[in-house]
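# Understanding the architecture of this molecule
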Amino acid sequence: MGFWYLLLLLIGIVFIIVGLTKKGVPAAVKVVILLFVFGVLFIVISVFMFLPGSDEIVAELLKLDW
């Protein structure tokens, strides 16, 4: 599972880099903002999932009884 969290983190970093390097393109401003937001979201989720005990928090939020 750690592989998928790391992959999510790397995709988030790539989205942020792409979002930051696409400056001055008025036609694609929405895409740049969307990439930046998704990048930050992916990084936050992946860092949260790396924390110890995050599986219990997610299970409680999703009401899973494992």
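## Remarks on helix α1 (residues 2-21)
For α1, with 20 residues, the first-to-last C-alpha span of 29 Å sits near the 28 Å given by 1.5 Å per residue. For α1, the full list of buried residues reads Tyr5, Leu9, Gly12, Ile16 and Gly19. Projected onto a plane normal to the axis of α1, the buried residues spread over an arc of 95° and lie on a single side. Away from its buried face by more than 90 degrees, α1 exposes Phe3, Trp4 and Thr21.

## Comments concerning the environment of Trp4
As for its position among the elements, Trp4 is in helix α1. Among the residues examined, Trp4 registers a relative accessible area of 54% and is labelled exposed. With 45 residues separating them along the chain, Trp4 and Met49 place their C-alpha atoms 9.9 Å apart.

About the cut-offs
Residues numbered from 1 in each chain as written. Predicted model: local features only at pLDDT ≥ 70, side-chain atom pairs only at ≥ 80, totals over all residues. Heavy atoms only, no water. Helix = DSSP H or I, 4+ residues; strand = E, 2+ residues; numbered from the N terminus. Expected span 1.5 Å × (residues − 1). Buried < 20%, exposed > 50% of the residue type's maximum accessible area, 1.4 Å probe, protein only. Arc of directions from axis to C-beta.

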